[in-house]
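One letter stands for each residue in the lines below.
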Amino acid sequence: MTDVTDEEGRRGGVLLALVVVALIVNLPLAHLTWQRWELSRDGVEVSAEVTATNVLRARTDPHYVVRFRLPEMVDPRRRTWPAEVDHATWRAAEDTGEIGVRVLPDKPAVQRVEGARSSAVGYVVIGVVDLIVLLLGLLLWRQRRTPRATLPA
């Protein structure tokens, strides 16, 4: 004979695990949203020095990459940062040797480069995993609502 509370405890544990997975999967998106909000609130516009420009996969699907250094007052370590940008921004950066960047003064890794291109792949992956977690949760909820037949003693 199966103990009903034991079965409910297992389902509750699985449901809790699904909630934890959903939180972990969405953590990068929440962090990115927080950084964008900080950048729009506290970010400063600077002119960065372009150190290199490259075109990746020029013949098939060109991707324009600019490598730059932020001013020393923002990034004392003077690291080189890469960014994929649109063609017009890449051309201007190549011609002038500068590119506009919005950056958090105390966090140089939090930045938005003028003309930056981004990919939606991360959003698609998060959405697919969220959908799977939601479907598993609905399946568990439905199974929980379905009465179980008990075997005669």
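Just so it is clear, the structure is predicted and the values come from calculations on it, not from any experiment. (Residues numbered from 1 in each chain as written. Predicted model: local features only at pLDDT ≥ 70, side-chain atom pairs only at ≥ 80, totals over all residues. Heavy atoms only, no water.)

S.K.: For the packing of aromatic side chains, give the residues involved together with the corresponding values.
M.R.: Enumeration according to the criterion identifies two aromatic pairs in this entry. Considering the side-chain rings of Trp34 and Trp37, the 5.0 Å spacing of their centres and the 40° angle between planes classify their relative orientation as tilted. One end of the pair, Trp34, and the other, Trp37, are both in helix α1 (residues 4-42), three residues apart, so they sit about a helical turn from each other. A residue is classified by how much of its surface remains accessible, and Trp34, at 47% relative accessible area, is partly exposed. Residue classification places Trp37 among the partly exposed positions, given a relative accessible area of 40%. Seen in terms of ring centroids, Tyr64 and Trp90 are 5.3 Å apart; in terms of plane orientation they differ by 45°. Their pairing is tilted. Of this pair, Tyr64 sits in strand β2 (residues 63-69) while Trp90 sits in helix α2 (residues 87-96), and the two are 26 residues apart along the sequence. As far as the burial class goes, Tyr64 and Trp90 line up, both buried. (Phe/Tyr/Trp six-rings, centres within 6.5 Å; stacked < 30°, edge-to-face > 60°. Helix = DSSP H or I, 4+ residues; strand = E, 2+ residues; numbered from the N terminus. Buried < 20%, exposed > 50% of the residue type's maximum accessible area, 1.4 Å probe, protein only.)

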